[in-house]
Amino acid sequence: MKLYIWSLILITALLAGGFSKTMAQGNVSSCTCEGLKPFFDYLIASQRLFIQPEDGILVSSILEDARNAGYTISYTQCQVLSRNVNGQFYAKIKSVASATKYQAVIGGCTVSLSSVNASAITFNNLQSNACGTTGTVSYRTKTNSTLVANLQVDSCLNCRAEDVGAVYSCYSPVTERSVNPYLYGLSGNWRPYRSYAYYGDRKEKNPKTDLSLNTAGTIEGYKSYWKFENGKLTGMAETSADTAVWVWNSELTLVNRKGLELENHDPLGRYNAGLYGYDDALPVAAAQNARYREIAFEGFEDYGFKITPCDGPCLVPKSFDFSFYKNHLDTTQQHTGLFSLRVDAGANAGITSPVGGMTEYGFGLTFNKAGVSCGETIPGLSSVKTDAAALLPSFSPIAGKTIVISAWVKEAVECKGGAYTDNQFAIVVKQLNDSSTIIAQPQGAIIEGWQRYEEVIAVPDDAVSVAIVMKATGGHAAYFDDIRIHPYNANMKSYVYNPYDLRLMAELDENNYATFYEYDDDGTLIRLKKETERGIKTITETRSALLKENSDQ
């Protein structure tokens, strides 16, 4: 009888020159193609290129207007937009019909449209071309196919904790400069790579045989994973016959910038993934049978959670980011935690995520050599480069798979029926030549004023993006909270913490129903409540006190 009787964890250094699967920070895909191109397409079509500083127009309001006009802008994929979503947008020149160059300010960044041949270009007559493989955005006139202008990011501002008032160049130290792979955790960190288990027989196979407790229980024909060869300690080779007894059961594939595990998988290709929030300090979601890029959770709790003065302008964007709705977060109504997203009457809010294919993680480092002058010219290292594959992937469902989207909704009106009718939770799936909109339906009764919405979506093979649009269609506001997305065959739990003391406030189960944790003023857990289809039930309640000494004795 085969027994699972010995385990081993293989520790390896994830070096970029060899096996490299560590990831850090947030992903940046084609910023110009998916973000700035549709952003400026909308501005040109709506003749809003020449917004002035005194107009006080925010980037977030333009993104919302563009989405309402039918433009799909993946702003989370573009750091120029995501880092400056709450910043102001305005043109650096007054309104003119034509010029050789146009410049605009997007928060802390400057972006320009420049003529390719020094000739004046008529801005409202521009038509963008399809993006090439290099990500360059070029423009022609609406009546001519000749290239006349290019779009580019000129510069960005940065903030540093030691001198908040100063201006610096804003860049990604991992992908946009020569990177020190040891400084940013791309190399040199020893982490668990695979865990192995030993499958083998014990010498004692007959249960009726008398055993000696001192000697019994040894493994028959035990084969060690580690071997000394030529004075070196080496592990078992992948092609070794010993893999029949040493079988790996888990492999690490992703870690975040703080070294916390985000994703692993087993030999059958089944993935487990987790999401972290509150500056990557606490787990906010965990899923089985799902990859990191396939899951999303938003409870709207940690947008005000900062630990340094520089977190605002230089914050790494979230994988699933509602930053430009920070001013719409509400503390008067919440399903769990302290906040929910308020959508006013007649308004809407939403987010768009790209759809990707089945890709494997991994990155490499390029070492560029150059002559170094030190009395004499000798060979040296000029730079070390990597690309966006070294960064964490953002939320992007996989084409051809089925996903589940759920959320909790409340309307600012007295509940008198079995379901709310003056809100809309829509999912827009954009394909290459088409798009479809699915309206999520309420599931179950209204519980303490909140109702759960859930919808199963089959993502087409040719899907380009998936968007969530939340609307208040009646004459009053609607509140949205605890939005979750995961594959249909996955199992997901999520967690909500108090952003001020980081105590666990709620745990949402596989069906997005909450278990609430309540504390006294000393921080002691006193009450546990469970949300069910029949309402919220108290599970346990405790009281405790310190024994007081009798001063009369």
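To be clear, the structure that these remarks concern was listed above.
Right, let's walk through the structure included here. Since the structure is predicted, the reported quantities are computational estimates derived from the model, not experimental observations.

Focus: the overall build of the protein
Point 1. Looking only at helices and strands, one finds 4 helices and 35 strands in the protein.
Point 2. Among the 553 residues that make up the protein, the fraction classed as buried is 47%.
Point 3. The long-range share in the protein, meaning contacts at least 24 apart out of those at least 6 apart in sequence, stands at 62%.
Point 4. Surface summary for the protein: the accessible area is close to 27700 Å², and the carbon and sulfur share equals 50%.

Let's talk about the sheet that holds strand β26 (residues 435-439)
Point 1. On the basis of which strands lie adjacent, the open sheet formed by 4 strands has the order β21-β29-β25-β26 and antiparallel pairing. Since the sheet does not close on itself, it has two edges, and those belong to β21 (348-354) and β26, each with one partner. This sheet shows a mean twist of 20° between the axes of neighbouring strands, independent of strand direction.
Point 2. Pairing analysis gives 5 bridges linking strand β25 (residues 423-431) to β26, with the strands arranged antiparallel. Across the sheet, alanine 426 pairs through a bridge with isoleucine 439, a residue of β26.
Point 3. Sitting on the sheet, helix α2 (residues 59-68) is in contact with β21 and β29 (463-472), with an inclination near 80° to β21.

Considerations on unusual backbone geometry
Point 1. Phi is positive for alanine 118, which is not a glycine, with a value near 65°.
Point 2. For alanine 118, the location among the structural elements is in the loop between β5 (109-115) and β6 (121-122).
Point 3. Overall, alanine 118 belongs to the exposed group, its relative accessible area being 64%.

Looking at the pairing of strand β16 (residues 271-277)
Point 1. The element β16 is largely enclosed, with a buried count of 5 among its 7 residues.
Point 2. Alignment of strand β15 (residues 261-265) against β16, held across 3 bridges, turns out to be antiparallel. Residue pairing in the sheet places asparagine 264 in a bridge with asparagine 272 of β16.
Point 3. Counting the residues between successive antiparallel strands, the hairpin from β15 to β16 contains 5 residues, one of them, glycine 269, with a positive phi of roughly 80°.

Points about helix α1 (residues 31-45)
Point 1. Given a rise of 1.5 Å per residue, 15 residues ought to cover 21 Å, and the 20 Å separating the end C-alpha atoms of α1 matches this to within 8%.
Point 2. Approximately 30° is the largest bend angle found in α1, and it occurs at lysine 37, with the proline proline 38 only one to four residues beyond.
Point 3. For α1, the tally of buried residues reaches 13 of 15 residues, placing the bulk of the element in the interior.
Point 4. Of the residues trailing α1, glutamine 47 is marked for its positive phi of about 55°.

Some remarks on the nonpolar core
Among soluble globular proteins, nonpolar side chains are generally buried collectively.
Point 1. Formed by 74 residues in total, the largest nonpolar core has its most connected members in Phe39, Phe40, Phe89, Tyr102, Ile106, Phe322 and Phe425.
Point 2. For this core, the leading source of residues is α1, giving 7 residues.
Point 3. Apart from residues no more than four positions distant in its own chain, phenylalanine 89 is found in contact with Phe39, Leu43, Arg48, Leu49, Ile51, Ile57, Val59, Ile62, Tyr102, Ala104, Val105 and Ile106.
Point 4. Grouped together as the second largest cluster of nonpolar side chains are 24 residues, Leu262, Leu282, Ala287 and Leu392 included.

Section: the pairing of β25
Point 1. Where β25 and β29 come together, 9 bridges link them in antiparallel fashion. Counterpart to phenylalanine 425 in the pairing with β29 is methionine 470.
Point 2. What sits between the antiparallel neighbours β25 and β26 is a turn of 3 residues.

Overview of the packing of aromatic side chains
Point 1. Applying the stated rule across the entire model yields 21 aromatic pairs.
Point 2. Judged by centre distance (4.0 Å) and plane angle (40°), the rings of phenylalanine 324 and tyrosine 325 are tilted.
Point 3. A relative accessible area of 5% means that phenylalanine 324 is categorised as buried.
Point 4. On the basis of relative accessible area, tyrosine 325 is assigned to the buried category, the value being 2%.
Point 5. Members of the aromatic cluster, each reached through a chain of ring pairs, are Tyr196, Tyr198, Tyr222, Tyr225, Trp226 and Trp246.

Let's talk about the side chain of glutamate 294
Point 1. Within the secondary structure layout, glutamate 294 lies in the loop between β17 (282-288) and β18 (296-298).
Point 2. At 2.9 Å, the side chain of glutamate 294 forms a polar contact with the side chain of lysine 401.
Point 3. Each residue touching glutamate 294, except ones within four places of it in the same chain, is listed here: Phe395, Ile398, Lys401, Ile485, His486 and Pro487.

Considerations on a nonpolar patch on the surface
Point 1. A surface patch of nonpolar side chains, amounting to about 360 Å² of accessible area, comprises Trp226, Phe228 and Leu233.
Point 2. One can find tryptophan 226 in the loop between β11 (190-200) and β12 (227-229).

Structural notes on the pattern of salt bridges
Point 1. All chains considered together, the criterion is met by 20 salt bridges.
Point 2. Notably, a salt bridge pairs glutamate 518 with lysine 529, separated by 3.3 Å at the nearest N-O pair. Here glutamate 518, found in strand β33 (residues 514-519), pairs with lysine 529, found in strand β34 (residues 525-532); they are 11 residues apart in sequence, far enough to count as distant.
Point 3. Note on glutamate 518: relative accessible area 23%, which makes it partly exposed.
Point 4. Taken together, the salt bridges that share partners define one network made up of Glu518, Arg527, Lys529, Glu541 and Arg543.

Focus: the environment of cysteine 156
Point 1. Secondary-structure assignment places cysteine 156 in strand β9 (residues 147-160).
Point 2. According to the relative accessible area criterion, cysteine 156 is buried, its value standing at 14%.
Point 3. In this structure the C-alpha to C-alpha distance between cysteine 156 and valine 111, which are 45 residues apart in sequence, comes to 8.9 Å.

So, how was this worked out
Residues numbered from 1 in each chain as written. Predicted model: local features only at pLDDT ≥ 70, side-chain atom pairs only at ≥ 80, totals over all residues. Heavy atoms only, no water. Helix = DSSP H or I, 4+ residues; strand = E, 2+ residues; numbered from the N terminus. Buried < 20%, exposed > 50% of the residue type's maximum accessible area, 1.4 Å probe, protein only. Contact = heavy atoms within 4.5 Å. Areas by Shrake-Rupley, 256 points an atom, 1.4 Å probe, with all protein chains shown as cover. Pairing = 2+ DSSP bridges. Axes fitted to C-alpha atoms, helices over the stretch in contact; angles between N-to-C directions. Expected span 1.5 Å × (residues − 1). Bend = angle between axes of the 7 residues up to and from the residue. Core = buried A, V, L, I, M, F, W, Y, C linked by side-chain atoms within 4.5 Å. Phe/Tyr/Trp six-rings, centres within 6.5 Å; stacked < 30°, edge-to-face > 60°. Polar contact = N/O pair within 3.5 Å; in protein donor to acceptor, adjacent residues only side chain to side chain. Patch = residues over 30% accessible without salt bridge, like charges linked within 9 Å, V, L, I, M, F, W, Y side chains within 5 Å. Salt bridge = Lys/Arg side-chain N within 4 Å of Asp/Glu carboxyl O.

Everything listed is a geometric property; what it means functionally is a separate question.
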